[in-house]
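Below are the chains, spelled out letter by letter.
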Amino acid sequence: MSENKRIYQVDAFTSEPFKGNPAGVCILGEIASTSWMQKVAAEMNVSETAFIIPGTPVNQIRFFSPVEEVPLCGHATLAAAHIMFEKGSINRDEEILFSSKAGELRARLSKRWITMDFPAFPIKQIPVPQGVEKIIGVRPVEMYSSSYGWKLVLINVENELRTMKPDFNKMMKNDLGHLIVTAPSSETNFDFSLRCFVPSLGIYEDPVTGSANCILAPFWHMKTNRSDFIVQQVSNRTGVMKISLKDNRVEISGQAKTVFRATLLV
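Description of the structure in this document. Every chain's residues receive numbers from 1 upward, in the order its sequence appears when written. For this predicted model, a pLDDT threshold of at least 70 governs which residues receive local features, and a threshold of 80 or more governs which side-chain atom pairs are given and counted, while totals over whole chains, interfaces and linings are taken from all residues. To get the side-chain values, all heavy atoms of the structure are used, and hydrogens and water are removed first.

A look at the packing of aromatic side chains
Pairing of aromatic rings covers Phe, Tyr and Trp, the last counted by its six-membered ring, and requires centre-to-centre distances within 6.5 Å; plane angles under 30 degrees mean stacked, over 60 mean edge-to-face, and any other angle means tilted. Summed over all chains, the structure comprises 9 aromatic pairs. On the basis of an interplanar angle of 50 degrees and a centroid distance of 6.1 Å, the ring pair of Phe168 and Phe197 is categorised as tilted. Highlighted residues: Phe168 in helix 5 (residues 168–173) and Phe197 in strand 13 (residues 192–198), separated in sequence by 29 residues. Taking the centre distance of 5.2 Å and the plane angle of 15 degrees together, the rings of Phe192 and Trp220 count as stacked. Separated by 28 residues along the polypeptide, Phe192 in strand 13 and Trp220 in helix 6 (residues 213–224) bring together distant segments of the chain. Note on exposure labels: buried denotes an accessible area under 20% of the residue type's maximum, exposed denotes more than 50%, and partly exposed covers the range between, all computed with a 1.4 Å probe on protein chains only. Owing to a relative accessible area of 0%, Phe192 belongs among the buried residues under this scheme. Helix and strand assignments follow DSSP, with helices taken as H or I runs no shorter than four residues and strands as E runs no shorter than two, numbered in order from the N terminus.

Here's what the structure looks like:
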């Protein structure tokens, strides 16, 4: 591999460093092997690292957790778009078009916020499994599954969301390795809150999860008949997102902050 590959770390869904969700962004001049990208993602050891091959008009993008490739990642898409706008790879008044394994993704800049266009994923209600409270650390009011593989749990009290302590080993053994837990927000600035746990990808808790809103937007629309929400992910790092449901698509908006850049020598 050449010695002039740039890699960046960006804190996504925040305007402050050391908050939000850190993502790696690696811009490639040519297609790299899957094994090499996986090794770089493991070296970065953040929730996801995005690899971009710039193109005209479509940019290829792939996402890797420290242990495996994933088809879609919201905060890494936001981080990638942020770097492309920041570097001047694309004019600030243009839209970025990405081709991912989850389909077409778009991103545009509006003042200090980047808005991404993602697919919405359908959900269906499922019975609450017996004993699930002992596994995830909170009693579900309702439970759903999605076509994207996530399980979704609704609870009524945000403080329970903030204090819950899942048993990650038991989650893995009980098909709960991709879990979103959501509750109405107790703060007037936000409409609902969430936390995301992804032990199946080697991520016990994801600090801020843009792609979760591909499920949460249609869910909360079903509950409230509203289409626009301001969302807080109440992990230790916290993060803020604005989301809008538009037919079968979800617009997810966030801010980002570059933390460092480096040159890959391998």
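The structure having been displayed, the exposition proceeds.
Some points on helix 2 (residues 74–87)
With 14 residues, helix 2 extends 20 Å from end C-alpha to end C-alpha; this agrees with the ideal 20 Å at 1.5 Å per step. Most of helix 2 is tucked away, with 12 of its 14 residues classed as buried. Gly88, located one to two residues past helix 2, shows a positive phi value of around 80 degrees. In a helix, the anticipated span is given by 1.5 Å times the number of residues less one.

Focus on the nonpolar core
Residues belong to one nonpolar core when they are buried, are Ala, Val, Leu, Ile, Met, Phe, Trp, Tyr or Cys, and are joined through side-chain atoms within 4.5 Å. By size, the foremost hydrophobic cluster in this structure holds 60 residues, and its most contacted members are Val25, Ile180 and Leu194. Element by element, the count of residues in this core is highest for helix 2, at 8 residues. One finds Ile136, Val138, Met171 and Ala183 within the second-largest nonpolar core, a separate group that totals 17 residues.

Examining a nonpolar patch on the surface
Surface patches are drawn from residues lacking salt bridges whose relative accessible area is over 30%; two like charges belong together within 9 Å, two nonpolar side chains (Val, Leu, Ile, Met, Phe, Trp, Tyr) within 5 Å. Accessible surface area values rest on a Shrake-Rupley calculation with a 1.4 Å probe, where residue burial reflects the displayed protein chains alone. Take a side-chain nitrogen of Lys or Arg and a carboxyl oxygen of Asp or Glu: if they are within 4 Å of each other, that pair is a salt bridge. A contiguous nonpolar patch, built from Phe18, Val259 and Phe260 and spanning about 280 Å² of accessible area, is present on the exposed surface. Inspection of the secondary structure assignment puts Phe260 in strand 18 (residues 256–264). Since its relative accessible area comes to 34%, Phe260 is described here as partly exposed.

As for the pattern of salt bridges
In a structure, side chains of opposite charge can pair up when their charged atoms sit close to one another. Throughout the structure, instances matching the rule amount to 15 salt bridges. Close ionic contact of Glu16 with Lys19 constitutes a salt bridge, the shortest N to O distance being 3.8 Å. Of the charged contacts in the structure, one is a salt bridge between Lys151 and Asp175, with a shortest N-O distance of 3.0 Å. Note that Lys151 is positioned in strand 11 (residues 151–154) and Asp175 in the loop between helix 5 and strand 12 (179–184), a separation of 24 residues in sequence. With relative accessibility at 14%, the residue Lys151 sits in the buried group. When its relative accessible area of 56% is taken as the criterion, Asp175 is described as exposed. Shared partners join several salt bridges into a network, and the residues in it are Arg62, Glu69 and Lys101.

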